[in-house]
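What follows is the residue order along each chain.
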Amino acid sequence: MPLKERLTVKRQLLMLCFFIGCWLSKVQANQQQLYFCADPDWMPYEGIVAGKHIGIAEDYAQILAELTGFKLTLKQTKTWQESIRNLQAGYCDLTLMLNRSEEREQYLAFSLPYFFGPNVLVTKSDIPFLQDLSALGDRKLGVVAAYRLAEIIPQFYPNINRVLYNSEEEALHALDQDEIEVYVGSLLSVNMRLQQHGLTELKINGWVAMQDELRIGVIRSKQYLIDDFNRAIEAISVRQHNDIFQRWTNARIVATTDYTILWYFMISAAIIIVIVVWRYYVSATVSKALQTKNAELEVIKEQLQHANKSLEYLSFHDNLTGLYNRHYFNSSIKRHLIHNQVSVGAVLIIDIDYFKRVNDQYGHARGDRILKQFSSILNGTIRDGDLVARWGGEEFVVLLPNANLTQAHNWAKRFQQALAEYDFSPLKTLTASIGISLFRGDESIEASIERADQQLYCAKQQGRNCIYIDDKK
Ligand SMILES: Nc1nc2c(ncn2[C@@H]2O[C@H](COP(=O)(O)OP(=O)(O)OP(=O)(O)O)[C@@H](O)[C@H]2O)c(=O)[nH]1
């Protein structure tokens with residue numbers, strides 16, 4: 001290959017490498033970097049050995065990193081107290097396994113719990129079985145100061161004689177040395193420590209009602225991450241939970257430990273964990289299904305409301321003119337009057353003159369159009385609070401609240417004037433006859449309409465296009 005071509009190929013290869021490098025660093029930048037603090041001495045839950053995070057929490061960290069896409073990096077500390085201080089100061093973003101407590105909630109937001117374990121009481125071998133913390137009497141109880149138990153035991157058992165220690169190891173040695181009589185801690189870590197330190201004089205000797213519900217704690221300034229973690233927690237399978245649990249609980253048990261009680265604890269713990277995890281799965285599935293059903297119900301509810309509104313509109317309105325119909329007038333007039341605080345007023349019955357001729361001459365469709373035009377003139381002449389309805393065929397009723405006969409008469413004249421001025425072509429003119437009566441609180445509205453109707457009859461008899469008034473009242 002000539003030198004020039006070789007140089008071109010080389011340059012192209014260099015360009016390709018450059019672009020791949022850019023792409024890789026972009027992918028890395030997209031992966032959010034989070035630093036977590038851990039308890040360096042809480043095996044099998046978690047620990048730090050030669051700068052590496054290990055234990056149950058680390059197994060979960062790997063699954064969570066995969067599910068969330070976050071890059072989780074350990075910020076190394078020497079003690080759990082130091083980790084807590086780092087979280088409070090925001091030097092690390094989160095911690096992977098801890099119980100929720102009021103005090104911790106001040107600086108951490110918590111995910112759903114994802115690992116459950118019992119708390120147990122540890123004593124010397126010669127102490128009889130302890131039912132619960134309530135069975136302690138005045139025995140001295142050792143607790144690790146930075147653990148949640150140290151915070152909540154005084155709330156539930158204010159009389160317990162509590163002695164605080166910096167670490168579980170320190171507390172168990174104090175128990176071994178008879179400085180205290182009972183120690184309370186998490187089953188898994190206590191069990192592992194008894195084996196590792198050969199504390200053969202000590203035994204797990206009682207239950208505590210408060211179990212560990214271990215969650216991820218995220219510092220408040222990054223609490224928006226909780227949703228991502230919760231989604232990831234819900235996606236962890238029962239099998240993954242079981243694998244982790246078994247990997248870290250298959251530790252060898254020393255011969256001096258009481259096998260029966262220990263196995264009893266371990267099997268019970270396994271059952272509790274499986275039940276709790278299963279319950280979470282079922283409730284998550286059920287709540288998702290409920291959410292979907294609720295959303296569907298909301299849609300159906302909206303459709304029904306819409307349909308009801310349409311039905312109500314149709315049942316109260318005349319579909320040709322859009323005016324209220326006789327049904328509305330009959331069923332709602334009393335409510336309308338009460339709602340508008342009306343007790344007196346005028347009723348007008350209006351009937352188009354010789355409408356049959358319009359239909360006969362121009363057809364029913366043209367007749368319909370004229371009815372609509374007539375209705376819009378009616379609507380345009382009334383004021384807010386007045387009521388107009390199509391009473392039947394070419395007959396209409398108008399209610400003028402608080403109007404006296406003179407005012408009603410004036411309105412009727414104005415309306416006839418408006419009719420006269422309107423271009424109803426091809427009709428030359430369109431007129432209407434009107435009967436008026438007053439209504440008062442001492443008479444039903446139906447009776448007032450009846451009297452107005454009689455006046456309309458008179459108007460028709462007298463040649464139409466005129467107004468007749470019932471002035472007896
Ligand atoms: N186009 C149309 N015509 C209707 C409608 N409702 C009633 N009519 C017609 O209105 C006419 C009423 O006729 P009549 O009761 O004899 O009254 P008129 O012809 O107006 O005569 P007078 O009321 O005595 O002046 C009938 O031909 C009905 O068919 C409707 O919704 N559309």
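Everything quoted here is computed from the prediction, not taken from an experiment.

Thoughts on the packing of aromatic side chains
Aromatic ring pairs are described here by two measures, namely the spacing of the ring centres and the angle between the planes.
No. 1: According to the stated counting rule, one finds 15 aromatic pairs in the structure shown.
No. 2: Taking the centre distance of 6.3 Å and the plane angle of 35° together, the rings of F115 and F245 count as tilted. Of this pair, F115 sits in strand β8 (residues 115-124) while F245 is found in helix α9 (residues 238-249), placing the two residues 130 residues apart along the sequence.
No. 3: Judged by its relative accessible area of 8%, F245 falls in the buried class.
No. 4: Measuring from centroid to centroid gives 5.1 Å for F374 and F396, while their planes differ by 35°, and the two rings are tilted. Of this pair, F374 sits in helix α13 (residues 364-381) while F396 sits in strand β16 (residues 395-401), placing them 22 residues apart in sequence.
No. 5: Overall, F396 belongs to the buried group, its relative accessible area being 0%.

So, the sheet that holds β16
No. 1: With mixed pairing, six strands are arranged side by side in an open sheet as β13-β15-β16-β14-β17-β18. Each edge of the sheet is formed by a strand with only one pairing partner; in this case those strands are β13 (324-325) and β18 (467-469).
No. 2: On the sheet, helix α11 (residues 326-339) packs against β13, β15 (387-392), β16 and β17 (432-439) and is oriented at approximately 150° with respect to β15.
No. 3: In the packing of helix α14 (residues 405-421) onto the sheet, the strands contacted are β14 (345-352), β16, β17 and β18, and the crossing angle to β17 comes to about 160°.

With respect to the site of the ligand
No. 1: Close to the ligand lie 17 residues; Y354, F355, K356, D368 and R390 are nearest.
No. 2: One nitrogen or oxygen atom from the main chain of Y354 is found 2.8 Å from an oxygen atom belonging to the ligand.
No. 3: One of the side-chain N or O atoms of K460 is found 2.9 Å from an oxygen atom in the ligand.
No. 4: Calculation on the ligand without its partners gives an accessible area of 660 Å², and the protein chains cover 68% of this total.
No. 5: Counting residues per element, the ones that place at least two in the shell around the ligand are β14, α12 (355-362) and α13.
No. 6: The dominant element in the shell around the ligand, judged by the number of residues it contributes, is α13, at four residues.
No. 7: In the shell around the ligand, the residues fall into five nonpolar, four polar and eight charged.

Some thoughts on the state of the cysteines
In a disulfide, the sulfur atoms of two cysteines are held together by a covalent bond.
No. 1: Inspection of every chain in the model, using the stated rule, returns one disulfide.
No. 2: Each sulfur of the disulfide joining C37 and C92 lies 2.1 Å from the other. Measuring the twist about the S-S bond at about -110°, one finds the C37-C92 disulfide to be left-handed. Of the two residues, C37 is situated in strand β1 (residues 33-37) and C92 in the loop between α3 (80-89) and β6 (94-98); the sequence distance between them amounts to 55 residues. By the burial criterion, C37 is buried, and C92 matches it.
No. 3: Free cysteine C458: the closest other cysteine sulfur is in C466, separated by 9.3 Å.
No. 4: With relative accessibility at 19%, the residue C466 sits in the buried group.

Overview of the nonpolar core
No. 1: Core analysis: the largest hydrophobic core is formed by 72 residues, its most contacted members being I56, L94, M97, F115, Y183 and F229.
No. 2: Here the element with the most residues in this core is strand β12 (residues 202-219); it accounts for seven residues.

Examining the pattern of salt bridges
No. 1: What the rule picks out here adds up to 17 salt bridges.
No. 2: Among the salt bridges present, the one from D59 reaches R247, with a minimum N-O distance of 2.6 Å. Here D59, found in helix α2 (residues 56-68), pairs with R247, found in helix α9; they are 188 residues apart in sequence, far enough to count as distant.
No. 3: Given the relative accessible area of 14%, D59 is considered buried.
No. 4: A network of salt bridges, in which partner residues are shared, links D41, E168 and R193.

Brief notes about a nonpolar patch on the surface
No. 1: On the surface, a nonpolar cluster with roughly 410 Å² of combined accessible area is contributed by W263, I267, I271 and I275.
No. 2: Along the polypeptide, I275 turns up in helix α10 (residues 259-316).

Things to note about empty space enclosed by the protein
No. 1: All told, the structure shown has four cavities of 30 Å³ or more when counted by the stated rule.
No. 2: When residues of the lining of the largest cavity are traced back to their parent elements, those giving at least two are β6, α5 (148-156), β11 (182-186) and β12.
No. 3: Taken together, the residues of the lining of the largest cavity break down into seven nonpolar, four polar and five charged.

Examining the sheet that holds strand β4 (residues 52-54)
No. 1: Spatial ordering of the open sheet is given by β2-β3-β4, a layout of three strands whose pairing is antiparallel. The strands lining the two open edges of the sheet, one partner per strand, are β2 (41-42) and β4.
No. 2: For β2 and strand β3 (residues 46-49), the ladder comprises two bridges, and the chain directions are antiparallel. By the bridge assignment for β3, D41 is matched with G47.

Calculation rules
- Residues numbered from 1 in each chain as written.
- Predicted model: local features only at pLDDT ≥ 70, side-chain atom pairs only at ≥ 80, totals over all residues.
- Heavy atoms only, no water.
- Phe/Tyr/Trp six-rings, centres within 6.5 Å; stacked < 30°, edge-to-face > 60°.
- Helix = DSSP H or I, 4+ residues; strand = E, 2+ residues; numbered from the N terminus.
- Buried < 20%, exposed > 50% of the residue type's maximum accessible area, 1.4 Å probe, protein only.
- Pairing = 2+ DSSP bridges.
- Contact = heavy atoms within 4.5 Å.
- Axes fitted to C-alpha atoms, helices over the stretch in contact; angles between N-to-C directions.
- Near = heavy atom within 4 Å.
- Polar contact = N/O pair within 3.5 Å; in protein donor to acceptor, adjacent residues only side chain to side chain.
- Areas by Shrake-Rupley, 256 points an atom, 1.4 Å probe, with all protein chains shown as cover.
- Nonpolar A, V, L, I, M, F, W, Y, C, P; charged D, E, K, R; others polar.
- Disulfide = S-S within 2.5 Å.
- Core = buried A, V, L, I, M, F, W, Y, C linked by side-chain atoms within 4.5 Å.
- Salt bridge = Lys/Arg side-chain N within 4 Å of Asp/Glu carboxyl O.
- Patch = residues over 30% accessible without salt bridge, like charges linked within 9 Å, V, L, I, M, F, W, Y side chains within 5 Å.
- 1 Å grid on protein atoms, 1.4 Å probe; cavity = no way out; pocket = protein on both sides within 12 Å on 5 of 7 lines; lining within 4 Å.
- Points joined across faces, edges and corners; volume = space filled by probe spheres on them.

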